[in-house]
Each structure stands twice: as structure tokens, then as C-alpha cells.
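Observations on the model geometry
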Amino acid sequence: MDIRNKMRKGFAGLQGGLFSSVTKADVGSSFSQMQERGVTMMSWADPFFPDPSTPPHVLRKAMELLESGCMSHYTMPIGNAKLKECFAKQWKDRTHMELDAQRNIIITPGSDSGLLYAMMPFIEPGDEVIVPDPSYPSNFLNPVLLGGKTVSVPLCRENGFHFDLNAFAQAITPRTKMVLLTNPNNPTTTVFTRQELTELSKLIIEHDLVCVCDQAFEDSIFDGREMVSIATLPGMWERTLTVCSISKGMGLSGFRVGYIVADDHIMDVLFGGAVNVLGATGTLQQEAAIAAMEDLSFMDGYIQEYDARRKYAYQKLNEVPGVQMLMPESTFLCWVNVSELGDSTEIMQYLVEHALVACNDGKPYGPSGNGYLRFVLGSCGSRAMMEAAIDRVCSALHDFRR
Ligand SMILES: Cc1ncc(COP(=O)(O)O)c(C=O)c1O
């Protein structure tokens, strides 16, 4: 019997590396084997990985809590009420929009599960989900897991990977149910402007669509750019689910705390299914997240660090003939065009062997990711290590060209 024949189509094609090797960063053994070989992991969007980086006040609070012996109990599946107050306050500070913390926020175990949960109530077999290309690989897979179809819409390369609104308009069909955005965008780092989000929201409203917007990288924006939550634009609140996380900007990925912000008519359904789908987020982690939210001053140093790292990578990588990258607008990532040098999969593999650096092939980030590599500049606790890794990449790319 082939048990996969009994599975939903969207799941039957998945491979986790048990029966054949996979090169995905998130499963399989290839990445842990690389780490054992001393390869610098610039493929894992995890600030300062693998070095210790918990802020001291958060670490102290977590130790105290653990010693209290009370952390072995459940928190309500919809999340810790005090933590929700912290997130609602931050939302108000950023958007000037008042939330009801206990009605408009649900805590999730990280934003990956939050993203899928945000889509689950809406996507039925055959529904189409519009996804900008390139974007986060899960955005292409999640609609398919739910029985829907991903429709990718290319971002405008010439315009720094901002929206091509005509392409969005042309992609809408009677089957379109949702627009799935990542803002700021992973991997391109684009921070979508108020104007382009407003234009897109008009299309979304005109065609009566739902919007899921992943804001996992909203904390790390450079050069004074404005971070606009599409949920706050006219007519969007009642049709938008915003998915957030403490993993990236706050560098607390291992805590597994994320949250969804939405109107109470949507949230009533998410609360109703929380125990079935999410279970509950870890009690200790939510309490430690409160400690982090109460003193976010550590994040100032992170943004300065990421700023210095992006400038270093921008200068060094653009000096390599045949290689181009734009200055990152946000995040600790960079998106590098190597298409003049050859196939991106081959180059990624070459860099593991010749530069001892693992990065991501652009192909899983959407059809237009072909010819690109993604580097996580925020990995490594020490800047010197990160710079040395970029230097090795540059020198290997020079040789690859020869
Ligand atoms: C754009 C984006 N969204 C969401 C996630 C998931 O993050 P987490 O589940 O740690 O919140 C990631 C992780 O890489 C990401 O890059």
C-alpha cells in the first residue's frame, strides 16, 4: 500500500528527508552535517545563530520563573492576557490604532503556525491565493496544503522589488480568495510604501478579498522608512489578519512566540479553534516575552548591528564582477543576484565547499528567485565572523567566475 495515496494532495508531495535526502534548511540532515563541518550558517533567519544572545534581563526573568516551579502549567490556548496587553500597546505606539487586547490578539507558537492558522478558516479547495514573487517559501506552499492554489505575481525588480499593481490586477480571477503578503518582504527586504499598499488595498476591497499580512520583520527597518500595516488602511481592518513574531527583530526565535491581530469577528473563530489547532504556546516563553516587551532597549543595538552588516555586505558583494545586490531596506537578510555567474543551486553548493558558508538558493522563494541567493547577515554573534564569511564568499565567487 502506498499510504501517500490516502493523503490530501497538498501533503502527499512533501518530503522530510527520511526516505531521500533533501536540501531544505528546515528538515533533513544536510544542514546539521554542514554545521558539524564548521560551515558558517547564513541560511537560517535566526539572529546571531548559533551564539548566545538572550538579553540579560530576559534571561534572569526566565531563570526566576523556572525556579518558581509554576511554569509547568498550561496557559490558555488563546494566550497570556498580559502579553496580549504588551502587544496591543506596541501596535498602538506604531499605528496609532487602539486594539482590544483581549479580543483582537491571539498568541501563537511562533508565526509559522500563526500564518497557516490565519489562512485555515478561509481557504477551501480550488481557492486562489495571490502571493508576490519572490517571497517567503511557506507562502507558496501553505495555500496548497489547504487545498488551494498559489498564484504568484512578480514584484518589479527594476523598482527595488516593489509592487507591480497591474500584475496584481491581472492575477485576480473569480476564484481569488486571498492576498498573502510579507511586509517587510523576505527575501528582498522591501518595505512596501503607504502608497502602494493603499493602491493594493483598493484592489483587495473592490474584489472582496481577504488579506493575510506577515510582519515578522517589522522591527528591523532602515533609513527612516515608514512601516505601514495594511490592516490600518481604510476598509482593510475587517478583512485583514496580521501575523507577527518576536523571533526576528527581537532575536527570540527559540521562545516560539508569535501572534495574530484581527477584527473580533475573525478572532472569535480563531479563539474557537485555538485548542484544536494551536494547543497553547509555552507558559515560560510567554512570561519571558513579557519581560522582553517591558524593556526593549536591547533592540537599538540590534538594528545598529544589522545596519553595519548590510553596508559591509553591500560594498563587498557588489565589488564581485557579475554579482549585484540592492541595499537592504530592512531585516538582516540580503538578496543577491548571481544570474550572470551561473545556476544559483550550483553556486550555493559551491559556496559550501569553497567558502564554508551555507546560504539559501533563491528558487524556493518563487519563480523569480532563480539566479538569486539569500544570505542571513544577522547570523553569528560576532561581526568579525560574519565579515570573514562574506569575504570568503566574495573570493569564492571570483574563482567561480574564472
Ligand atoms: C517572513 C517570515 N515569516 C515568518 C517566519 C516564521 O518565524 P517564527 O515562526 O519564528 O515566528 C519566518 C522565519 O524565517 C519568516 O522569514
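Worth saying up front: this structure is predicted, and the values here are computed from it rather than measured.

Turning next to the site of the ligand. Around the ligand, the surrounding shell holds 14 residues, and the nearest of these are Ser-111, Asp-214, Ser-245, Ser-247 and Lys-248. Between the ligand and the protein, one listed contact pairs an oxygen atom with a side-chain N or O atom of Ser-247 at 2.6 Å. The class makeup of the residues in the shell around the ligand is four nonpolar, six polar and four charged.

Opposite charge on two side chains permits them to pair, given that their charged atoms come into close proximity. As enumerated under the stated definition, the model contains 21 salt bridges in all. Where Glu-218 meets Arg-94, a salt bridge forms, and the shortest distance between an N and an O atom there is 3.6 Å. Placement of Glu-218 in the loop between strand 6 (210–214) and strand 7 (240–245) and of Arg-94 in helix 4 (residues 81–95) is noted, with a sequence separation of 124 residues between them. Relative accessible area serves as the criterion here: at 37%, Arg-94 is assigned to the partly exposed category. Residue Arg-194 is joined to Glu-226 by a salt bridge in which the shortest nitrogen-to-oxygen separation is 2.7 Å. Taken together, the positions of Arg-194 in helix 9 (residues 194–206) and Glu-226 in the loop between strand 6 and strand 7 put the pair 32 residues apart, joining distant regions of the chain. The partly exposed category is assigned to Glu-226, whose relative accessible area is 44%. Counted as one network, the salt bridges with shared partners bring together Asp-223, Arg-225, Asp-307, Arg-310, Lys-311 and Glu-329.

With that out of the way, let us pick up unusual backbone geometry. What you tend to see is this: most non-glycine residues have negative phi, and most peptide bonds are trans. Cis geometry is adopted by the peptide bond preceding Pro-134, which originates at Asp-133 and carries an omega value of 5°. With respect to the secondary-structure elements, Pro-134 resides in the loop between strand 3 (128–133) and helix 7 (137–145). That bond from Asn-183 to Pro-184 is cis: its omega, -5°, falls within 30 degrees of zero. Its location among the elements puts Pro-184 in the loop between strand 5 (176–182) and helix 9. If you check the backbone angles, His-96 has positive phi at about 65° while not being a glycine. Its relative accessible area of 69% is what places His-96 among the exposed residues.

What the rule picks out here adds up to zero disulfides. Here Cys-70 is not disulfide-linked; the sulfur of Cys-86 is the nearest cysteine sulfur, at 19 Å. Exposure remark for Cys-70: the relative accessible area of 44% places this residue in the partly exposed category. Not engaged in a disulfide, the cysteine Cys-380 finds its nearest cysteine sulfur in Cys-334; these two sulfurs lie 13 Å apart.

The domain architecture assigned to the protein chain consists of domain 1 (3–53 + 298–401) and domain 2 (58–294). Each of domain 1 and domain 2 has a C-alpha centre, and the two are 24 Å apart. Contacts between the two partners involve 31 residues from domain 1, matched on the other side by 36 residues from domain 2. Note on domain 1 versus domain 2: buried area summed over both sides is about 3,000 Å², and carbon and sulfur give 60% of it. Sorting the residues of domain 1 by area buried against domain 2 places Glu-329, Trp-335 and Tyr-365 first, and these three jointly supply 22% of that buried surface. Where domain 1 meets domain 2, there are two salt bridges. The closest approach of N and O atoms between Arg-310 and Asp-223, which form a salt bridge, is 2.9 Å. At the junction of domain 1 and domain 2, the tally comes to 16 residue pairs in polar contact (both at pLDDT 80 or more). Mapped onto the side of domain 1 that touches domain 2, the elements with two or more residues apiece are helix 1 (9–12), helix 12 (298–318), strand 10 (333–337) and strand 13 (372–376).

Here we take up the pairing of strand 7. Taking burial as the measure, the six residues of strand 7 include six buried ones, the bulk of the element. Neither face of strand 7 is exposed, since Thr-240, Thr-242 and Cys-244 on one face and Leu-241, Val-243 and Ser-245 on the opposite face are all buried. Looking at chain direction, strand 6 and strand 7 are connected through four bridges and run parallel. Residue pairing in the sheet places Cys-213 in a bridge with Thr-242 of strand 7. As paired strands, strand 7 and strand 8 (residues 258–261) are joined by four bridges and run antiparallel to one another. The partner of Ser-245 across the bridge, within strand 8, is Gly-258.

Before going further, it helps to examine the sheet that holds strand 3. Strand order in the open sheet formed by seven strands is 2-8-7-6-5-3-4, and the pairing between neighbours is mixed. One side of each edge strand has no neighbouring strand; the edge strands of this open sheet are strand 2 (105–108) and strand 4 (149–154). Geometrically, the sheet is characterised by an average inter-axis angle of 20° between neighbouring strands, direction not taken into account. Bridging between strand 3 and strand 4 involves six bridges; their strand directions are parallel. Bridge assignment links Ile-130 to a residue of strand 4, and that residue is Val-151.

A few words on the pairing of strand 13. The buried count for strand 13 comes to five of five residues, which makes it a mostly enclosed element. Judged by which residues are buried, strand 13 turns out to be covered on both faces: Tyr-372, Arg-374 and Val-376 on one side and Leu-373 and Phe-375 on the other are all buried. Looking at chain direction, strand 10 and strand 13 are connected through five bridges and run antiparallel. Pairing of Trp-335 across the sheet is with Arg-374, part of strand 13. Across two bridges, strand 12 (residues 360–361) lies against strand 13 in antiparallel orientation. Paired with Asn-360 across the two strands is Arg-374, which belongs to strand 13.

Definitions and cut-offs
Residues numbered from 1 in each chain as written. Predicted model: local features only at pLDDT ≥ 70, side-chain atom pairs only at ≥ 80, totals over all residues. Heavy atoms only, no water. Near = heavy atom within 4 Å. Polar contact = N/O pair within 3.5 Å; in protein donor to acceptor, adjacent residues only side chain to side chain. Nonpolar A, V, L, I, M, F, W, Y, C, P; charged D, E, K, R; others polar. Salt bridge = Lys/Arg side-chain N within 4 Å of Asp/Glu carboxyl O. Helix = DSSP H or I, 4+ residues; strand = E, 2+ residues; numbered from the N terminus. Buried < 20%, exposed > 50% of the residue type's maximum accessible area, 1.4 Å probe, protein only. Disulfide = S-S within 2.5 Å. Domains from an automatic or database assignment. Contact = heavy atoms within 4.5 Å. Buried area = accessible area lost by both parts, 1.4 Å probe. Pairing = 2+ DSSP bridges. Axes fitted to C-alpha atoms, helices over the stretch in contact; angles between N-to-C directions.

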